[in-house]
Amino acid sequence: MRIAPEEILETIKMIEDLNLDIRTITMGISLFDCSDSSETVTNKKVYEKIYRLAKNLKKEAKALENKFGLPIVNTRISITPVSLFYPAKSIDSLVDLSKNLDKIAGELDIDFTGGFGCLVHKGETEIDKLVIESLPFVLSSTEKVCSFVNTASTKSGINMDAILKMGRIIKDIAYKTREKDSIGCAKLVVFANAVEDNPFMAGAFHGPGEPECSINVGVSGPGVVKYALKKLGKTANLGEVAETIKKVAFKITRAGELIGKEIAKRLGVSFGILDLSLAPTPAIGDSVAEILEAMGLESTGSFGTVTALFILNDAVKKGGLFASSSVGGLSGAFIPVSEDKGMVSAVKKGSLNMEMLMAMTSVCSVGLDMIVIPGDTLDEVISAIIADEMAIGVANNKTTGVRIIPAYGKKVGDYVSFGGLLGEAPVMAINQFSPKDFINRGGRIPAPIIGFRN
Amino acid sequence: MENKVVITVLGEDRVGIVANISNLLATHNINIEDITQKILKGNIFAMIMLVDMKNANIDLGELRKKLDEKSIELGMKITAHDLELFNYMHRI
């Protein structure tokens, strides 16, 4: 046997005990050719095209799960941002499109469809404006549709007019989905430097530079990394810690590449990218916070957290890049609060606060994620949180995002539960001093000097 | 077509484990190509089998179900995965 017994048992342990899984197989579909001057005709074409390309997605994912014995948690679809192909004349017609997308996802047994959004980092078109205003209606009347708004980029700066609006929009989404703990907000990401091929939700979309159809795979396994670090012991130095993470990331990535190539072949479409992101789930042991703690922190949120996360994120990327030539998307460590039991516990014991989370986003792969804040937080405070996060992304030439939930009617210490992969979390205290006059200035913040590389 | 599968069996040692699994495989025309077997400390039995399912009369999913039944019967943990997964993860 070419493979040593220890290696076989290591893989089995990763899958059986440590939650190694293919988090998502996301099919990216270009909808540019569905555009027609009539909304009805466009909707019909959208339905037919997604149906034609994705009808076997779930079936083939199941077949692969069977073949390799590796769990495939979600199948998803990402589409061309709706603002780029849909001839929207009203909010109602956008809601019609979203219901159409929800219906297709239901019929094909797809978990989420992403791409209901727009790119406004330099300014808004008339359709972009409609798309943004439609979000409270779309996210409160659909189950599986996810949305994004890209409000900033290192190349073009930060669109503060759009960010000003997003504070109000997010509050409205929270209100319109108040019966379900404001869950609508969990399906919207506000981005800086959004990537076009990310398979993870809520922020997935099929960018304009993407092919007709492609398969993007998201692979995850925080438990595997934590176990490797536990085994390494407490006395290893941080160089050895980084090396250990890199090796584990390599193996996880290889498993993802195998699945990605195989499913793309079976479906007859191109293999896009493999995104190795340590994405936690509410399952015990599937936590990024616990990895940081396995490195030696008493609790995530203590000083040292940013350094530990920096080591983790960088080593994951390096292991991944060596394992596959198709690494893309976000690839790194996600730090959602409600989806990670370790994060939730750190918040509850007063170790992790909003300021530390924000500092962590300067070295993690995305941003402020699944953070529940008081429902009466001012619109301008939410806009300012977004602006700070966008500034971190723009200044560091990285993707950052904000997925924040001002849970309607909830106060600090209350508990909010979304169920499933979205998890549950306590409402966090945030600084409520007013940034109102600053935010209301609006305008576009110019691109930073590092944006001018030509 | 290559159709190699790795079966692992882990649990407390007892009489008849190998015979039991081998019988199941033979019934379904699955050929055993290699067996590595060890008693780990604490009387833990560990077996890794490489089998060929080229001429098998069931597919891997069905085999996994049968092995699950066996694992309950024997009180052992049994897994079955395509060999390619291990090749991909441990070899460049």
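None of these values were measured; they are calculated from a predicted model.

**Q** Lay out the overall build of chain A with the relevant residues and their values.
**A** For chain A, the count of helices and strands is 15 helices and 14 strands. Relative to its length of 454 residues, chain A is compact, with a C-alpha radius of gyration of 21 Å against a globular reference of 22 Å. Looking at the 454 residues of chain A, the share that counts as buried comes to 59%. Pairs at least 24 residues apart make up 80% of the contacts formed inside chain A by residues separated by at least 6 positions.

**Q** Give me the overall build of chain B: which residues, what numbers.
**A** When you go through chain B residue by residue, the secondary structure sums to three helices and four strands. Scanning chain B from its N terminus toward the C terminus, one meets helices and strands in the order β-α-β-β-α-β-α. Compactness check: chain B gives a C-alpha radius of gyration of 13 Å against a globular reference of 12 Å for 92 residues, within 12% of the reference. Here the C-alpha coordinates of chain B stretch approximately 40 × 35 × 20 Å along the principal axes. Within chain B, buried positions represent 28% of all 92 residues. Taking contacts inside chain B between residues at least 6 apart in sequence as the whole, the part at least 24 apart equals 66%.

**Q** Give me the nonpolar core: which residues, what numbers.
**A** Within the largest apolar cluster, 178 residues are counted, with the highest numbers of intra-cluster contacts made by Val-224, Ala-255, Ile-259, Leu-312, Ala-333, Ile-386 and Ile-404 of chain A. The leading source of residues in this core is helix α9 (residues 238-267) of chain A, at twelve residues. Filtering out sequence-adjacent residues up to four positions away, Ala-255 of chain A remains in contact with Leu-20, Leu-70 and Val-219 of chain A together with Leu-85, Tyr-88 and Met-89 of chain B.

**Q** Break down the environment of Lys-70 of chain B for me, citing the residues and quoting the values.
**A** Residue and element names in this part refer to chain B. Examined against the element boundaries, Lys-70 turns out to sit in helix α2 (residues 60-74). Sequence spacing of Lys-70 and Ile-21 is 49 residues, and the spatial spacing of their C-alpha atoms is 7.9 Å. Excluding residues that lie within four positions of it along the chain, Lys-70 makes contacts with Asn-20, Ile-21, Leu-24 and Ile-78.

**Q** Can you tell me about the packing of helix α6 (residues 126-141) of chain A against helix α7 (residues 160-176) of chain A, naming the residues and giving the values?
**A** Residues and elements named next belong to chain A. For the pair α6 and α7, the least separation of the axes is 9 Å and the interaxial angle reads 20 degrees. One element, α6, and the other, α7, form an angle in the roughly parallel class. Like other packed secondary-structure pairs, α6 and α7 cross with a definite hand, here right-handed. Between α6 and α7, the residues in contact are Ile-132, Leu-135, Pro-136, Leu-139 and Ser-140 and Lys-165, Ile-169, Asp-172, Ile-173 and Lys-176, respectively. Grouping the constituent residues of the contact of α6 with α7 by class yields six nonpolar, one polar and three charged.

**Q** I'd like a rundown of the sheet that holds strand β1 (residues 4-12) of chain B, residues and numbers included.
**A** All names here are of chain B. In spatial order, the strands read β2-β3-β1-β4; together these four strands make up an open sheet with antiparallel pairing. The two strands at the open ends of the sheet, each matched to only one other strand, are β2 (31-40) and β4 (77-82). Each neighbouring strand pair of the sheet contributes to a mean axis angle of 15 degrees, computed without reference to strand direction. Two elements, β1 and β4, share six bridges in a ladder whose sense is antiparallel. For Ile-7, the partnering residue across the bridge sits in β4 and is Ala-80. Against the sheet, α2 makes contact with β1 and β4, and its axis sits at roughly 170 degrees relative to β4, the strand it touches most.

**Q** Lay out the packing of helix α2 (residues 39-54) of chain A against helix α5 (residues 91-107) of chain A in plain terms, naming residues and giving numbers.
**A** All names here are of chain A. Contact geometry of α2 with α5 gives a least axis separation of 10 Å together with a crossing angle of 20 degrees. By the criterion of interaxial angle, the relationship of α2 to α5 is roughly parallel. Judged by the sense of rotation from one axis to the other, the crossing of α2 with α5 is right-handed. Packed against α2, whose contacting residues are Glu-39, Asn-43, Val-46, Tyr-47, Ile-50 and Tyr-51, the element α5 presents Ser-93, Asp-96, Leu-97, Asn-100 and Ile-104 at the interface. Taken together, the residues of the contact of α2 with α5 break down into six nonpolar, three polar and two charged.

**Q** Explain the environment of Lys-62 of chain A residue by residue, including any values.
**A** You can see Lys-62 of chain A is positioned in helix α3 (residues 57-68). Once the C-alpha coordinates of Lys-62 of chain A and Ala-384 of chain A are considered, the two residues, 322 residues apart in sequence, prove to be 43 Å apart.

**Q** Explain the domain arrangement of chain A to me, and be specific about the residues and the numbers.
**A** All names here are of chain A. For chain A, the domain assignment lists domain 1 (26-192) and domain 2 (217-448). Taken over C-alpha atoms, the centre of domain 1 sits 22 Å from the centre of domain 2. Contacts between the two partners involve 40 residues from domain 1, matched on the other side by 45 residues from domain 2. Going through the elements one at a time, β1 (21-29), α3, β4 (145-153), β5 (157-159), α7 and β6 (188-192) are the ones with two or more residues in the side of domain 1 that touches domain 2. Ranked by residue count, the leading element in the side of domain 1 that touches domain 2 is α7, at eleven residues. Residue classes in the side of domain 1 that touches domain 2 are distributed as 22 nonpolar, eleven polar and seven charged.

**Q** Tell me about the interface of chain A and chain B, and please be specific about residues and values.
**A** Counting from both sides, the interface comprises 19 residues of chain A and, opposite them, 20 residues of chain B. Looking at the side of chain A that touches chain B, the elements with two or more residues in it are α1 (5-16), α3 and α9 of chain A. With seven residues, α1 of chain A is the single largest residue contributor to the side of chain A that touches chain B. In the side of chain A that touches chain B, the residues fall into ten nonpolar, three polar and six charged.

Cut-offs and rules
Residues numbered from 1 in each chain as written. Chains lettered and ligands numbered in written order. Predicted model: local features only at pLDDT ≥ 70, side-chain atom pairs only at ≥ 80, totals over all residues. Helix = DSSP H or I, 4+ residues; strand = E, 2+ residues; numbered from the N terminus. Rg over C-alpha atoms; globule rule 2.2 N^0.38 Å. Buried ≥ 20, exposed ≤ 12 C-beta atoms within 10 Å, placed from the backbone. Contact = placed C-beta atoms within 7 Å. Core = buried A, V, L, I, M, F, W, Y, C linked by C-beta atoms within 7 Å. Axes fitted to C-alpha atoms, helices over the stretch in contact; angles between N-to-C directions. Parallel < 35°, antiparallel > 145°, perpendicular 65-115°, else oblique. Left-handed = near helix turned anticlockwise from the far one by under 90°. Nonpolar A, V, L, I, M, F, W, Y, C, P; charged D, E, K, R; others polar. Pairing = 2+ DSSP bridges. Domains from an automatic or database assignment.

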